[in-house]
Amino acid sequence: MGRAGTGTGTGGAAVAVAGPLLLLLLARPPPAAAGDSRKSDVRLVSEHFSQSPQKLSFYSWYGSARLFRFRVPPDTVLLRWLLQVSRGSGPACASVEITVYFRYGAPPVINPLGTSFPANSSVQSPFFIKMLDSNASLNISHPAPGDWFVVAHLPTASQKIEVKGFVPTCAYVFQPDMLVVRTVEVSILEPDVPLPQTLLSHPSYLKIFIPEYTQELQLELQGCAANGSLGCPVRLTVGAATLPRNFQKVFMCVSPTGACRLLLPSPPWDRWLQVTAKSLAGPRVLVAFQVVAALTACRPWNLNFQHLPQSSLNESCNASTGLLPPHPGDHSDHGLGGSSRRHGGPCCLASYPVIREDLDVVSVRFWPVDRVWVRVRPATPSVMRLYMDTGMDSGGSLTVSLRANKTGITNSTLVAVCVNAASPFLGFRTSLNCTTAFFQGSPLTLSAASHKADLIIPYPETDNWYLSLQLMCPESPEECEQASVLVETTLTLVPCLNDCGPYGQCVLLRRHSYLYAGCSCKAGWRGWSCTDNSTAQTVAQQRVAALLLTLSNLMFLAPIAVSVHRSLLVEASVYAYTMFFSTFYHACDQPGEAVLCILGYDTLQYCDFLGSGVSIWVTILCMARLKAAQKHVLFLLGTLIFAMSLQLDRRGAWNMMGPCLFAFVVMVTMWVYRCGRRHHCYPTSWQRWAFYLLPGISMAALGIAIYTSMMTSDNYYYTHSLWHVLLAGSAACLLPPREEHTTPWACSQKLTCHYQICKNHREDLYTVT
């Protein structure tokens, strides 16, 4: 695995450098082997894969990170990531640190906020590099074929709530390119068949097929000689590189006369295993040797029926010879069957068939055929295979829940459990570390003191997973001879654990055709499944916040009363609409227990935003003192414009500020017109300015300042409640006085006359204000 290196150029130069650099990498021939810089290996070919760039975001939860998915072809000997970042040229564009994660088989499990994971979670530390807005590269030798994932994000997001379009932002665009070098000439290594090899300057690429139910793989170098003399300067690399953990096996022959062997327990089943032989001698030294592979196999005991007695298992295991099918294309007599007959023995596992039931997107249930309980015995491990190699199962969480029968387990016995990918763990008699040839499994135990065990694996790798169980008696092995324990298994793949709990929302994310899930937390809760309560609000704080955000809307009763008192029924209706939907929107927007939704969340949010914008619109136009027909036409047109703009972009600042500025221009134009007609300031009364206009303008200005620049995630409940109060208070102060000829509550007094509408056809010139 190579190291990450930073490319040349920063900022705007990043785009200019990336293009020529990529062309040079593609045009350059494949890299020559070590020790021979004059000739390139003709067995290697280069390929390039790219994806469309994505705009990076500051990290707040997994959905703010950008995911890329690549597929590495088989027989790849070198993988090179070329990472390109470009940023805008505005004044807000500064150099920021970008974090890029890499993982094989599933999206990386990241934790930039340092939060806690749910209990019983099995999480590996991610592999990542940090880079500025420049080019960087990462080389990986002999990568595993299949899905590779890249995730990138900007630093942690600030707590400040910024209004979209009001504060200048900078765009950071990230694009990874994948360059692979793969070999087109690979030697097939067959079991028990010596394969002669000669090394001079280029390495040799081999591969061997590992059939299902292979217990061990042994590789041996024989007859090794360098330029005719004894000695074996050969380095053998077995397996493919993966991230974040690499389990490649590298061994060299130290003694020129001793045996040179490598034993691999539980190699990955039903796939090709890469082997690379490289000379450690000089460039002109000829190294000759033979590679011999031996597979140890056993016959599985398939449990397709219930209530089979223990004696039947022993007889079946003792009678088995451990035959394995040959690898694809092998029909010779000296294939795997011969190897298995020499190295095979009694059955090494009891296989329980498993049914995979697809429930929904990234939602699967696994359960044994015709049974709920799995019988665990001391003779051989009981194994269940979970089919999760579809390529679409790695975007959720694998949950394993086990419960042992209390009557079957004693104080001197325990059930050892291992959860592994690619191949099961079978060596319970020698170790309980759950380590196979190329995977570190997750161990669990069931005992008399603890009858239950749970395991959570976020984003499991794309592969077949295996659950292995075996009864152990560490203190008195004789007690285990005839003992058995029934274990109940609950195996599920879910998008989000417990649906992110009461303080989170499970969100299904998509990158092209790949689907994965993440939790968006609320009320100060954090973590992978919203289970970290280190910064969470208490239930009392949640209720206080809900009351502040909802009851603060009662301040709109003041402009409603003023509007009705001054015969402004349309304005009063708008304020009543805003008060109603703002109250119930914030009641629905609360997490946890303090929540009440009378309509869909999206509907309530849209109505709240629409009411707020139209309230400002009608207040400003009412201050302009237009004729009744003109005013109501503008009321209707403004409402339609607000409805359209909010549908396009609900959180855009100019979608609300644009119509309001137009209404402000209309109001100023009318006031200037009246000033010119009357030859004195309008409004004429100093009391109107001192007790109504100036306080109303001050409250409106303070409310806008709080809404645009003072709100954070921590003080949102208080600042937004204050915004409600200031908006309603400014509307009550800024509404114009009633006409001179009308009496207070005139419209309410005429309600008994049916269908009468309050009208005033007088010219505004004769209205005394």
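Just so you know, these numbers come straight off a predicted model, no measurement behind them. Sequence positions are assigned chain by chain, starting from 1 and proceeding in written order. It should be noted that, the model being predicted, local features are given only for residues of pLDDT at least 70 and side-chain atom pairs only at 80 or more, the latter also being counted only at that level, while totals for whole chains, interfaces and linings use all residues. With hydrogens and water set aside, each side-chain value is computed from the structure's full complement of heavy atoms.

## Re the pairing of strand β35 (residues 514–521)
The side chains of a regular strand alternate, residue by residue, between the two faces of the sheet. Strand pairing is assigned whenever DSSP detects at least two bridges linking the two strands. Strands are runs of DSSP state E lasting at least two residues, helices are runs of H or I lasting at least four, and both sets are numbered from the N terminus onward. Examined bridge by bridge, strand β34 (residues 504–511) and β35 share 8 bridges and lie antiparallel to one another. Opposite L509, over in β35, you have Y516 as the bridge partner. The turn joining β34 and β35, which pair antiparallel and follow one another in sequence, is formed by 2 residues; a positive phi near 55° is taken by H512.

## Looking at the pattern of salt bridges
For salt bridges, the criterion is a side-chain nitrogen of Lys or Arg within 4 Å of an Asp or Glu carboxyl oxygen. Summed over the entire model, instances satisfying the criterion amount to 14 salt bridges. With a shortest N-O distance of 3.7 Å, K207 and D75 are connected by a salt bridge. With K207 in strand β14 (residues 204–210) and D75 in the loop between β5 (66–72) and β6 (76–87), this pair connects stretches of sequence that are 132 residues apart. For the salt bridge of K130 with E97, the shortest nitrogen-to-oxygen distance reads 3.8 Å. Residue K130 is found in strand β8 (residues 127–131), and its partner E97 is found in the loop between β6 and β7 (98–104); the two are separated by 33 residues along the sequence. Linked by salt bridges that have partners in common, R69, R71 and D147 make up one network.

## Examining the confidence of the model for the chain
The quantity known as pLDDT measures the predictor's confidence residue by residue, on a range of 0 to 100. In the predicted model, the chain carries a mean pLDDT of 82, and 83% of its residues have values of at least 70. Averaged pLDDT values over the elements of the chain bottom out at 35 in helix α1 (residues 13–27) and peak at 96 in β7. Here, two residues are considered to be in contact whenever any of their heavy atoms come within 4.5 Å of each other. Predicted confidence is poor over residues 305–316, with pLDDT under 50, and the contacts of this stretch with residues over four places away or in other chains come to 11 contacts. Counted against residues more than four places away or in other chains, residues 318–344, with its pLDDT under 50, gives 55 contacts.

## Here we look at the sheet that holds strand β12 (residues 187–188)
Taken in spatial order, the 5 strands line up as β12-β14-β20-β17-β18 in an open sheet, and their pairing is mixed. Of all the strands in the sheet, just β12 and β18 (249–252) have a single pairing partner and so form its edges. Both β12 and β14 contribute to a ladder of 2 bridges, which runs parallel. When the bridges of β14 are listed, S187 appears paired with L206.

## Some words on the side chain of S397
Locating S397 in the fold gives a position in strand β28 (residues 397–404). Each residue's exposure class comes from its accessible area (1.4 Å probe, protein chains only) as a fraction of the maximum for that residue type: buried when under 20%, exposed when over 50%, partly exposed otherwise. By relative accessible area, which is 4% here, S397 ends up buried. Beyond its immediate stretch of four places on either side in the chain, S397 contacts I457, P458, Y459, P460, T492, L493, V494, P495 and W528.

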